[in-house]
Amino acid sequence: MDCFLCKNADSNVVCKSCDKYFCTQRHLDLHTSKEVDVNDIRTTTEQMERCEHPSPGSCLPYDVVESEDFGRYLVASKDIDAGELILSEDCLVWGPNHVGDYLCLECLQLTDSQKFCEHCGYPLCDEHIVHHPAHEDECKLFQEKLFKLPTSIRENDIESVYPLIAPLRCLRLKSLSPESWGMISRLMDHRTEREEESELYIEPYRHDVINKIVHDLQAGDEREVVQVLGYLDVNSIAVRGKDGVYRGRGIYPVASLMNHACICNTRNIIQETRLETYSTVPIKRGDLITTHYVSPLLPVNIRREKLKERWFFD
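Residues numbered from 1 in each chain as written. Predicted model: local features only at pLDDT ≥ 70, side-chain atom pairs only at ≥ 80, totals over all residues. Heavy atoms only, no water.

Explain the packing of aromatic side chains to me, using residue names and the numbers behind them.
Per the stated rule, a full pass over the model turns up 9 aromatic pairs. Relative to tryptophan 311, the ring of tyrosine 293 has its centre 4.9 Å away and its plane inclined at 40 degrees; by these criteria the two rings are tilted. Of the two residues, tyrosine 293 sits in the loop between β12 (290-291) and α11 (300-311) while tryptophan 311 sits in helix α11, which places them 18 residues apart along the sequence. On the accessibility criterion, tyrosine 293 (26% relative accessible area) is partly exposed. The rings of Phe4, Phe22 and Tyr62 are connected pair by pair, giving a single aromatic cluster. The ring centre of tryptophan 94 lies 4.6 Å from the NZ or CZ of arginine 169, which sits over that ring. Here the basic side chain of arginine 240 rests over the ring of tyrosine 246, its NZ or CZ set 4.1 Å away from the ring centre. (Phe/Tyr/Trp six-rings, centres within 6.5 Å; stacked < 30°, edge-to-face > 60°. Helix = DSSP H or I, 4+ residues; strand = E, 2+ residues; numbered from the N terminus. Buried < 20%, exposed > 50% of the residue type's maximum accessible area, 1.4 Å probe, protein only. Lys NZ or Arg CZ within 6 Å of the ring centre and 35° of its normal.)

What follows is the structure in structure tokens.
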């Protein structure tokens with residue numbers, strides 16, 4: 001049987017509630033609801049007046065379908081009430097925004113130029129100077145390849161070193177977590193369209209990302225780096241720092257499957273690297289579950305330009 005989530009043909013984990021098949025327990029977990037502290041959710045979104053959570057272990061109300069026009073996308077598996085939880089997942093891979101602030105690579109909190117990893121020179125906050133599991137793997141690679149940020153770069157051009165992190169973490173999943181890599185590798189990357197306009201989509205990453213990963217770190221070839229850049233540019237969603245401010249972007253593999261609508265029927269609530277999606281209006285069984293890729297407050301012509309530029313439709 002094919003996996004409900006990724007269509008892997010070698011699937012033998014069964015949901016006891018609906019008899020759908022999954023290739024791993026992790027994929028089944030993305031299909032079922034968890035115990036949720038509603039008070040924590042409400043503190044992050046004053047505008048959400050009512051959040052309905054299904055009982056732990058019950059099936060979340062989405063199906064993954066596929067077509068030639070849209071690729072894989074989400075539809076409602078049942079009639080969904082307004083305010084109902086549709087999906088809940090952790091970010092598989094993330095990195096800091098490309099900004100001039102000093103951001104801890106572990107939790108994305110603001111720090112300063114004097115707080116940094118002694119081994120690689122990247123910023124870390126006081127809490128994570130010693131213990132930093134998210135940063136651990138790349139830091140070991142940096143040490144192995146004698147890659148360390150010069151003081152001059154850290155103090156005067158910190159923005160230039162952040163674009164490397166998310167693509168590198170994404171590539172490292174191939175060996176560290178093949179299951180996570182398998183979910184990411186099924187996402188759209190619009191490689192053909194991006195390569196046709198390489199000056200716009202690829203060359204801006206040449207110095208700070210491609211050359212560093214391929215030549216300095218020897219962590220992948222150019223084809224692989226261009227591929228993960230596509231996954232991140234097309235599919236990434238915001239992540240929050242530990243203090244609640246949006247300071248990074250990452251890939252949530254199920255949420256990434258939602259189609260765009262300028263007037264969408266869901267809202268994402270993000271706490272650090274955890275995302276939950278709620279319906280904002282009733283959704284009929286079989287209807288598309290949608291989000292907005294660009295702000296609906298922008299003028300129509302600007303929305304069309306942004307959608308064409310990043311997702312290649314208008």
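What follows continues from the structure just given.
Outline the packing of helix α5 (residues 165-176) against helix α6 (residues 178-185), listing residues and values.
Relative to each other, α5 and α6 sit at 130 degrees, their axes nearing to 6 Å. One element, α5, and the other, α6, form an angle in the oblique class. Regarding α5 and α6, the two cross each other, and that crossing is left-handed. Taken together, the residues of α6 that come into contact with α5 (itself represented by Cys170, Leu173, Lys174, Ser175 and Leu176) are Pro178, Ser180, Trp181 and Ile184. For the contact of α5 with α6, the residue count by class is 6 nonpolar, 2 polar and 1 charged. (Axes fitted to C-alpha atoms, helices over the stretch in contact; angles between N-to-C directions. Parallel < 35°, antiparallel > 145°, perpendicular 65-115°, else oblique. Left-handed = near helix turned anticlockwise from the far one by under 90°. Contact = heavy atoms within 4.5 Å. Nonpolar A, V, L, I, M, F, W, Y, C, P; charged D, E, K, R; others polar.)

Please set out helix α10 (residues 222-235) residue by residue, giving values where relevant.
Along its 14 residues, α10 runs 20 Å from first to last C-alpha, staying within 8% of the 20 Å computed at 1.5 Å per residue. Among the 14 residues of α10, 12 are classified as buried, and the element is accordingly described as predominantly covered. Turning to α10, its buried residues number three or more, namely Glu224, Val225, Val226, Gln227, Val228, Leu229, Gly230, Tyr231, Leu232, Asp233, Val234 and Asn235. Residue aspartate 221 occupies the N-cap position of α10, its side-chain oxygen lying 3.2 Å from the main-chain nitrogen of arginine 223. (Expected span 1.5 Å × (residues − 1). Polar contact = N/O pair within 3.5 Å; in protein donor to acceptor, adjacent residues only side chain to side chain.)

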